[in-house]
Structures are given as structure tokens and as C-alpha cells.
Amino acid sequence: MTETTQPALTVDALGKKCPIPIIMLAEQINHVPLNAVVAVLADDPAAVTDVPAWCRLKSHRHVGSYELPEGGWAIHVRRNY
Amino acid sequence: MGLVAYFDAASTEPLHPQAREALLAAIDVGWADPARLYNQARRAHLLLEQARTEVAEALGARPDEVSFTSSGTQAVHLGVLGTLQGRRRVGRHLVTSAVEHSSVLHAAALHERDGGTAETVGVDLLGRVDPAVFTEAVARPDTALACLQTANHEVGTLQPVAEVAAACRRNGVPLLVDAAQTAGRMPVPAGWSVLTASAHKWGGPPGVGVLAVRKGTRFRSYLPEDERERKRVPGFENVPGIVAAAAALRAMTAEAAQERSRLSALVDKIRQTVPKVVPDVEVIGDPVERAPHIVTFSCLYVDGEALLTELDKAGFAVSSGSSCTASTLRPSHVLEAMGVLTHGNVRVSLPRGASAAEVDRFLAVLPELVRRIRQDAGVT
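Rules used in this analysis
Residues numbered from 1 in each chain as written. Chains lettered and ligands numbered in written order. Predicted model: local features only at pLDDT ≥ 70, side-chain atom pairs only at ≥ 80, totals over all residues. Heavy atoms only, no water. UniProt positions renumbered as here; feature names shortened; annotations may be inferred. Contact = heavy atoms within 4.5 Å. Buried area = accessible area lost by both parts, 1.4 Å probe. Salt bridge = Lys/Arg side-chain N within 4 Å of Asp/Glu carboxyl O. Polar contact = N/O pair within 3.5 Å; in protein donor to acceptor, adjacent residues only side chain to side chain. Helix = DSSP H or I, 4+ residues; strand = E, 2+ residues; numbered from the N terminus. Nonpolar A, V, L, I, M, F, W, Y, C, P; charged D, E, K, R; others polar. Buried < 20%, exposed > 50% of the residue type's maximum accessible area, 1.4 Å probe, protein only. Pairing = 2+ DSSP bridges. 1 Å grid on protein atoms, 1.4 Å probe; cavity = no way out; pocket = protein on both sides within 12 Å on 5 of 7 lines; lining within 4 Å. Points joined across faces, edges and corners; volume = space filled by probe spheres on them. Domains from an automatic or database assignment.

- Identification of chain B as Aminotransferase from Nonomuraea glycinis is taken from an unreviewed UniProt entry.
- As recorded by UniProt, the Cofactor (unreviewed entry) comment attached to chain B reads in full: "pyridoxal 5'-phosphate".
- Of chain B, the UniProt comment under Catalytic activity (unreviewed entry) reads exactly: "(sulfur carrier)-H + L-cysteine = (sulfur carrier)-SH + L-alanine".

- Chain A goes by UPF0033 domain-containing protein in an unreviewed UniProt entry, where it is assigned to Nonomuraea glycinis.
- Of chain A, the UniProt comment under Sequence similarities (unreviewed entry) reads exactly: "Belongs to the sulfur carrier protein TusA family."

### What to know about the interface of chain A and chain B
Then, number 1: At the interface, 16 residues of chain A touch 21 residues of chain B.
Then, number 2: Together chain A and chain B conceal approximately 1400 Å² of surface at their shared face, both sides included; 63% is due to carbon and sulfur atoms.
Then, number 3: Three residues, Ile23(A), Thr49(A) and Arg56(A), lead the burial of chain A against chain B; their summed loss comes to 30% of the area buried on that side.
Then, number 4: On the surface where chain A and chain B come into contact, there are two salt bridges.
Then, number 5: A salt bridge links Lys58(A) to Asp280(B), with the shortest nitrogen-to-oxygen separation between them at 2.7 Å.
Then, number 6: Along the contact surface separating chain A from chain B lie six residue pairs in polar contact (both at pLDDT 80 or more).
Then, number 7: Looking at the side of chain A that touches chain B, the elements with two or more residues in it are α1 (20-28) and α2 (46-58) of chain A.
Then, number 8: Looking at the side of chain A that touches chain B element by element, the count peaks at eight residues for α2(A).
Then, number 9: Along the lines of polarity and charge, the residues of the side of chain A that touches chain B split into 10 nonpolar, one polar and five charged.

### What to know about the pairing of strand β12 (residues 345-349) of chain B
All names here are of chain B.
Then, number 1: Where burial is concerned, most of β12 is hidden: five out of the five residues are buried.
Then, number 2: Of the two faces of β12, the one carrying Asn345, Arg347 and Ser349 and the one carrying Val346 and Val348 are both buried.
Then, number 3: The pairing of strand β10 (residues 294-299) with β12 spans five bridges and is antiparallel. Opposite serine 298, over in β12, you have asparagine 345 as the bridge partner.

### Structural notes on the layout of surface pockets
Then, number 1: Considered as a void within the structure, the second largest pocket measures approximately 300 Å³ in volume.
Then, number 2: As for the second largest pocket, its lining consists of 16 residues, of which Asp280(B), Tyr301(B), Arg374(B), Val379(B) and Thr380(B) are closest to the centre.
Then, number 3: Counting only elements with at least two residues in the lining of the second largest pocket, the list comes to α1 of chain A together with α10 (356-376) of chain B.
Then, number 4: Sorting elements by how many residues they give to the lining of the second largest pocket places α10(B) first, with five residues.
Then, number 5: Residue composition of the lining of the second largest pocket, grouped by class: nine nonpolar, three polar and four charged.

### Comments concerning the domain arrangement of chain B
Residues and elements named next belong to chain B.
Then, number 1: As assigned here, chain B comprises domain 1 (5-12 + 256-376) and domain 2 (17-251).
Then, number 2: Taken together, the 28 residues of domain 1 in the interface contact 27 residues of domain 2.
Then, number 3: Summing both sides of the interface, domain 1 and domain 2 together bury roughly 2200 Å²; the carbon and sulfur share of this comes to 54%.
Then, number 4: Considering only the side of domain 1, the residues that lose the most area to domain 2 are His333, Val334 and Met338, jointly responsible for 23% of the buried surface there.
Then, number 5: The interface formed by domain 1 and domain 2 contains one salt bridge.
Then, number 6: For arginine 128, the salt bridge is made with aspartate 286, and the minimal N-O distance between the two is 3.0 Å.
Then, number 7: Joining domain 1 to domain 2, the criterion identifies 15 residue pairs in polar contact (both at pLDDT 80 or more).
Then, number 8: The set of elements that each furnish at least two residues to the side of domain 1 that touches domain 2 consists of α7 (239-277), β10 and α9 (333-338).
Then, number 9: Considering every element that reaches the side of domain 1 that touches domain 2, the biggest residue donor is α9, with five residues.

### Examining empty space enclosed by the protein
Residues and elements named next belong to chain B.
Then, number 1: This structure, assessed with the given rule, holds one cavity of 30 Å³ or more.
Then, number 2: The volume enclosed by the largest cavity comes to roughly 90 Å³.
Then, number 3: Lining the largest cavity, in full, are Gly184, Arg185, Met252, Glu255, Ala256, Glu259, Arg260, Leu263, Pro292 and Arg352.
Then, number 4: Here the lining of the largest cavity is built from residues that sort into four nonpolar, one polar and five charged.

### Digging into the pattern of salt bridges
All names here are of chain B.
Then, number 1: Evaluation of the coordinates by the stated rule reveals 24 salt bridges over all chains.
Then, number 2: Where aspartate 33 meets arginine 36, a salt bridge forms, and the shortest distance between an N and an O atom there is 3.5 Å.
Then, number 3: Classification of aspartate 33 as buried rests on a relative accessible area of 12%.
Then, number 4: Its salt-bridge partner being arginine 228, residue glutamate 237 comes within 3.0 Å of it at the nearest N-O pair. Pair check on accessibility: glutamate 237 and arginine 228 agree, each one buried.
Then, number 5: What you see here is one network of salt bridges that share partners, running through Glu310, Lys313, Glu368, Arg371 and Arg372.

### A short note on the environment of Pro7(A)
Residue and element names in this part refer to chain A.
Then, number 1: Looking at the element boundaries, proline 7 is found in the segment before β1 (9-13).
Then, number 2: The spacing of proline 7 and valine 32 is 25 residues in sequence and 9.5 Å in space, taken between C-alpha atoms.
Then, number 3: With near-sequence residues (within four places) excluded, proline 7 lies in contact with Val37, Ala39 and His76.

### Examining unusual backbone geometry
Then, number 1: At the junction of Cys18(A) and Pro19(A), the peptide bond is cis and its omega measures out at 15 degrees in the coordinates.
Then, number 2: Among the secondary structure elements, Pro19(A) is positioned in the loop between β1 and α1.
Then, number 3: One non-glycine residue, Glu229(B), adopts positive backbone phi at about 45 degrees.
Then, number 4: One can find Glu229(B) in the loop between β8 (209-213) and α7.
Then, number 5: One non-glycine residue, Asp280(B), lies in positive phi territory at about 55 degrees.
Then, number 6: Position of Asp280(B) relative to the elements: it lies in the loop between α7 and β9 (281-284).

What follows is the structure in C-alpha cells.
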């Protein structure tokens with residue numbers, strides 16, 4: 001179950017170019033409780049690489065990236081601390 | 001700011017003074033058609049063959065294995081497609097790393113459109129292929145060609161060419177080695193079947209590439225053949241450019257050992273200092289097993305284009321793999337394949353003669369530029 005947690009918060013960065021989706025994620029991850037999941041919606045292809053890279057650098061957990069039917073991705077991040 | 005520090009040698013190295021001298025002399029005496037039989041033609045032919053011998057020696061090839069192309073990209077296109085063509089009966093499978101130069105990947109895409117198959121072998125966080133994984137890919141019985149660069153053009157990481165070459169030999173698969181980033185700077189690793197390089201990256205003029213095909217490697221030009229360059233490269237040879245390219249390679253190779261350790265120490269300094277003076281930075285690529293002159297880092301929350309613009313204003317010519325700075329909307333395929341941060345990316349590549357004072361000035365101005373861009377973006 002842990003890997004399929006419903007996001008506690010959705011960050012809508014559709015139409016925004018990197019690094020803006022990463023800046024929004026960094027600002028908002030502390031708004032959810034520990035171990036909760038934030039979903040970043042983005043359609044800049046750079047986000048698919050940059051969100052997991054941010055997780056690695058900031059020691060949060062990249063849960064998975066899922067293609068959205070309308071284009072773009074939902075990239076799920078678990079708050080680790 | 002009148003003074004510009006040129007830190008983009010991986011794109012192109014400034015023309016070496018000895019290449020300039022050779023170019024001007026060869027324009028005067030080497031303009032005739034080297035394939036003809038009169039006095040001026042014989043002189044052009046002699047210059048061309050002297051240059052071929054010198055380039056061959058510097059790259060560890062025989063003169064009759066070396067052909068000159070109009071660019072490094074053309075050398076790769078002709079090398080990849082010509083070797084695949086020559087090996088068509090064996091199979092139509094091509095193996096490359098995921099971080100090859102776009103010229104390799106574009107040739108692979110054309111091969112696939114022609115009905116061939118291609119596999120890209122992934123890389124680790126440092127940008128290096130795992131020789132065991134590459135070997136496994138090459139072992140497929142219909143593999144016609146494998147391609148691996150000596151060093152990555154964006155992050156500098158050296159590839160395990162010797163190990164991969166041994167595996168290719170065991171499997172009877174030719175290996176194309178793209179030495180564009182290291183030719184003239186480091187010795188060429190042994191074991192290649194096809195070698196490609198680009199003169200303007202070692203201080204030669206633009207318009208000259210090298211395609212070397214080892215004796216015994218099956219090769220058939222993908223393009224309509226003519227009699228030039230052992231039927232591997234069509235068209236009239238750029239004799240003055242080739243003469244200048246050979247002069248630059250001779251000069252660069254002579255200074256390489258010394259310049260390599262000097263530039264490498266400056267790169268070490270950048271690699272060590274940047275994370276200390278700029279918060280939230282990822283320095284990318286292998287810190288030790290790398291080309292001597294290339295270092296890349298990504299600054300979190302920073303727009304790569306904004307940073308390049310600010311560095312340009314401050315008198316620094318650098319490049320970036322961030323998507324906003326490229327002609328495409330996608331970030332660099334190298335950074336993507338490595339899984340490292342693609343935004344806020346800066347590649348510093350030091351040309352011959354880059355000074356410690358210029359590097360110090362770069363390290364002095366960078367923190368404030370990054371701080372300001374972050375502040376403007378509302379990052380606290």
C-alpha cells in the first residue's frame with residue numbers, strides 16, 4: 001500500500017518550465033505531513049528528470065512518474081523529513 | 001567588460017597559432033586538385049599526404065586507414081552507416097551508449113528508419129556505461145557495429161573503451177570510437193575498428209573531420225562513391241584545412257601531457273570550490289576518470305539561460321545542457337540518461353592556455369550571479 005498512497009497535495013505546474021516546477025515543489029513539500037505524498041503535475045519534459053534528481057539531492061523519495069491522459073506527467077514525491 | 005574568458009573548448013577550441021600559420025601558407029600553395037598530374041596538383045597532393053601521415057601517427061593509425069571528412073559529425077555519420085553497410089550480411093543490429101554525441105544517435109535513428117535495429121546502453125550517475133552490460137548487448141549474434149565515445153562531451157566522464165573493445169573483439173564486432181573530445185589532448189585508446197574525430201576541437205580549423213577505418217574492417221560508403229579519400233568520403237578535399245588541422249594536432253599533442261595536468265588541476269579547483277561557494281549545486285560527472293578540460297555543474301532552482309546570460313555579461317563564454325538554452329525543448333539527452341539535474345546547468349571547458357586567474361575570477365563572480373537569479377525567482 002505504501003507505494004500507492006493518494007497524494008495529500010497536488011502541485012499544478014502544468015505549462016511551467018523548469019526550474020519553476022521544482023521551485024514550487026520545494027516550497028510546498030513542507031505543507032504535507034511526514035511520509036505524505038505530493039503529486040507534481042508538469043508537462044516540461046525536464047521535470048521527469050529533475051524531480052527525481054531533486055529528490056535524490058534533498059533526500060526525499062521519488063515514488064513514481066505517471067503519464068497524464070491529457071499530456072504531461074504526475075510525479076509523486078514522498079516527504080521524508 | 002572588455003575581457004572575455006573563453007571556457008567553451010568542448011564546443012570548439014580556438015585556432016592554434018601554428019594552425020593559422022599553416023592554413024595561410026597552404027591556401028597559397030595547396031589550392032590545386034590533389035588528384036591531378038601537374039606541378040601545383042602534385043604539391044597539393046604532397047601536402048595532403050604529409051598531413052595524413054602526421055594525423056595518422058598522432059592518432060595511432062596507418063596513413064592509408066585515415067580519410068578526411070568535412071566535419072566530425074560527417075565522420076561519425078559516414079563511419080556508422082558505412083560500417084553497418086559493410087556488415088549488412090552479418091546483421092543489422094547497432095549498439096551505442098545512451099550518452100553518445102547526437103551525430104551517433106541521429107545516424108542510429110536513420111539506420112532504424114532503414115529497417116535496422118539499435119540499442120542504447122544506459123549509463124550510471126557519473127555518465128559511464130557498465131562494460132558488462134555493454135558486452136552483453138554486443139554479444140547479440142546479429143550485432144553489426146558498436147559505438148562508444150572516449151569521453152563524454154557534456155560531462156567529461158571517460159568511457160571504458162579498452163574493456164569494451166576487448167569484448168567487441170571477442171564477439172567479432174567492430175567498435176567505432178568517437179574521440180572528438182580527447183583527440184590531441186589524451187592518447188587514443190587502443191582497440192578501435194573505426195575512429196572519428198574533429199579538427200576544430202583540437203585547435204584546427206572548422207571543416208575538417210577524421211574517419212579512420214582499421215585494415216580488415218568491412219566498410220562500404222553509405223553515400224554515392226567517388227574516387228576521393230579511398231572511396232569513403234565523397235568530394236574535393238579541403239587541403240589547406242587538412243594541413244592546418246595536422247599542424248594543430250602536432251602542436252597540441254606536443255604540449256598535451258603538460259597542458260593536460262595544468263588544466264586538470266584547474267578543473268579540480270572548480271569541482272571543489274563551486275559546491276563550497278554556491279549552495280544547492282550538483283557537480284556532475286566522474287571527478288577523477290574524466291577528460292582533463294571539462295567540468296559541468298547544475299544549480300538547483302536556477303534557469304540555465306538566465307545564468308548563461310549573466311555569465312556572458314560578466315565576460316565568460318560557457319555552455320549549458322539545460323533545455324531552455326538549446327534549440328529543442330528537451331534537456332540534454334546526456335543529463336537525462338544520467339538522471340542528474342538538467343536545469344541551471346553550466347559546462348565549463350577550458351581551452352589551451354586558460355589561466356588560473358580567469359578561473360579564479362569565474363569562481364569569484366559565480367556565487368553572486370546564482371544568488372541574484374534565485375532571489376529574482378522568489379527562492380529563499
